[in-house]
Amino acid sequence: MITHKNISLFFIFLLLLLLLLNLYTAINLLWFIGIILIWIGLNAFGSARISSNYHIKAFCHNPSETEKKIALTFDDGPSVFTLEVLDLLKKYNAKATFFCIGKNVEKHPEIVKKIIAEGHLVGNHSYNHSKFFDFYNAAKIREEIQKTDEILEKFTSKKINFFRPPYGVTTPSIRRALKKTGHKVIGWNIRSLDGGTKDLNLIFNRIIKRVSPGGIVLLHDTGLHSVLVLEQFLQFLQQNKYEVISVEELLNLKAYGIERG
C-alpha cells in the first residue's frame, strides 16, 4: 500500500542519493526541483483522495459484499432539508448515516432527535467544517472533533465512533488527532457531486453509473436539488432490487461505543 510514510521515505532516499552523487559530479539543480515537485504533487493527490488511504485508513466500501446492498450517507446537516430526506427514507424503508456538523446540530437539535428516533445513525463531520480544516494542527482538529462528539453524544448517550473529514481531505495532523480520539474514518466510493452542482440529471446519472454491491454513496442533506435526486435514486434502487442498509451493517463496524454515564 502506498502511504505518506513510505512515499516520504522513498523521496528522502532519492534526495540523499542525489546529494551523494553531487559530491562526485555536478547534478543539475532541476533534478532536485523536479523530485520535490513530484513529492508535493503525490502528497496533494493522496491527501485529496480519501480512498487512497494515504494518511489514514478510510472505509470507503465493502469489496466482499456480493448481495445487492448499499449504504447512503449524508453530509453537512442537519438542515431544514434533512426533514424531507427523512420522509423519503421512511417511504422507501431505507436507513442512512448522517455526518453532522457540530454547529448545525446546535441549530437543529430536534432534527437530530428525529434522525436517531427513526433508526438512522449519526457521525462526526467536525464542528465548523472550515475550508481551512486541513491546515489546522492536530490539537485544533482534535478540539473540533471532541466538541462535536460532546454535542452529538447528548442525543446518542454513547461515544461517537465514525468521523468523516471535511471535503474528504486527510492530512498528517488529522491522522495524529484521530490517533487520540479513536474514530474510524468513513469515506465513500460513489460521490454524487451534489455539493458542487444542482444539475439533477448530471448528479443522478453519475450515481447510478457507479452503483454496485457494497458501495457507499455520498449525498448532502442541505439542498432541495439533493432531495429531488434522492427520490429518483431510491426509486432506481427499488426497481433494481437493492437494499439500503446502514454503514454500520455494511462495514460490520460499530457506529457508537460505550454508553456515557
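Since the model is a prediction, treat every value here as computed from it, not as a measurement.

About the cut-offs
Residues numbered from 1 in each chain as written. Predicted model: local features only at pLDDT ≥ 70, side-chain atom pairs only at ≥ 80, totals over all residues. Heavy atoms only, no water. Helix = DSSP H or I, 4+ residues; strand = E, 2+ residues; numbered from the N terminus. Buried < 20%, exposed > 50% of the residue type's maximum accessible area, 1.4 Å probe, protein only. Contact = heavy atoms within 4.5 Å. Areas by Shrake-Rupley, 256 points an atom, 1.4 Å probe, with all protein chains shown as cover. Lys, Arg positive; Asp, Glu negative; His and termini not counted. Charge placed at Lys NZ, Arg CZ, Asp CG, Glu CD. Axes fitted to C-alpha atoms, helices over the stretch in contact; angles between N-to-C directions. Parallel < 35°, antiparallel > 145°, perpendicular 65-115°, else oblique. Left-handed = near helix turned anticlockwise from the far one by under 90°. Nonpolar A, V, L, I, M, F, W, Y, C, P; charged D, E, K, R; others polar. Patch = residues over 30% accessible without salt bridge, like charges linked within 9 Å, V, L, I, M, F, W, Y side chains within 5 Å. Salt bridge = Lys/Arg side-chain N within 4 Å of Asp/Glu carboxyl O. 1 Å grid on protein atoms, 1.4 Å probe; cavity = no way out; pocket = protein on both sides within 12 Å on 5 of 7 lines; lining within 4 Å. Points joined across faces, edges and corners; volume = space filled by probe spheres on them. UniProt positions renumbered as here; feature names shortened; annotations may be inferred.

Each helix and strand in the protein chain was counted, giving ten helices and eleven strands. By principal-axis analysis of the C-alpha atoms, the protein chain measures approximately 75 × 45 × 35 Å. Out of the 261 residues in the protein chain, the part that is buried amounts to 50%. For the protein chain, contacts bridging at least 24 residues in sequence account for 77% of all contacts bridging at least 6. When the accessible surface of the protein chain is totalled, it reaches about 13,500 Å², and 58% of it is carbon and sulfur. Taking the average location of the 33 positive side-chain charges in the protein chain and that of its 23 negative ones, the two points are 6 Å from each other.

Moving on: the packing of helix α8 (residues 200–210) against helix α9 (residues 224–239). Contact pair α8 / α9: the axes reach a minimum separation of 10 Å and the direction vectors enclose 40°. Classified by the angle their axes make, α8 and α9 are oblique. Judged by the twist between their axes, the crossing of α8 over α9 is right-handed. Across from Leu200, Ile203, Phe204, Ile207 and Ile208 in α8, the residues of α9 making contact are His225, Leu228, Val229, Gln232, Phe233 and Phe236. A per-class count over the contact of α8 with α9 returns nine nonpolar, two polar and no charged.

Together, Phe13, Leu17, Leu20, Leu21, Leu23 and Tyr24 make up a nonpolar patch on the protein surface, roughly 680 Å² of accessible area in all. Note that Leu21 resides in helix α1 (residues 4–22).

Let us look at the pattern of salt bridges. Under the criterion given, the structure shown has six salt bridges. Across the salt bridge formed by Lys69 and Glu67, the nearest N and O atoms sit 3.6 Å from each other. Judged by its relative accessible area of 46%, Glu67 is partly exposed.

Size it by volume and the largest pocket reaches roughly 230 Å³. Along the walls of the largest pocket sit Ala48, Arg49, Ile50, Ser51, Trp188, Asn189, Ile190, Arg191, Arg206 and Arg210, which together make up its complete lining. Residue assignment for the lining of the largest pocket shows that the elements contributing at least two residues are β8 (190–191) and α8. Counted by class, the lining of the largest pocket contains four nonpolar, two polar and four charged residues. Volume-wise, the second largest pocket comes out at about 190 Å³. In terms of lining residues, the second largest pocket is bounded by 15 residues, among which Tyr167, Arg191, Gly195, Leu218 and His220 are the most central. The residue inventory of the lining of the second largest pocket, partitioned by class, reads four nonpolar, seven polar and four charged.

Taken from the UniProt record, the annotation "domain: NodB homology" (unreviewed entry) applies to residues 68–245. Summarising residues 68–245: 47% helix, 19% strand, and an end-to-end C-alpha distance of 10 Å.

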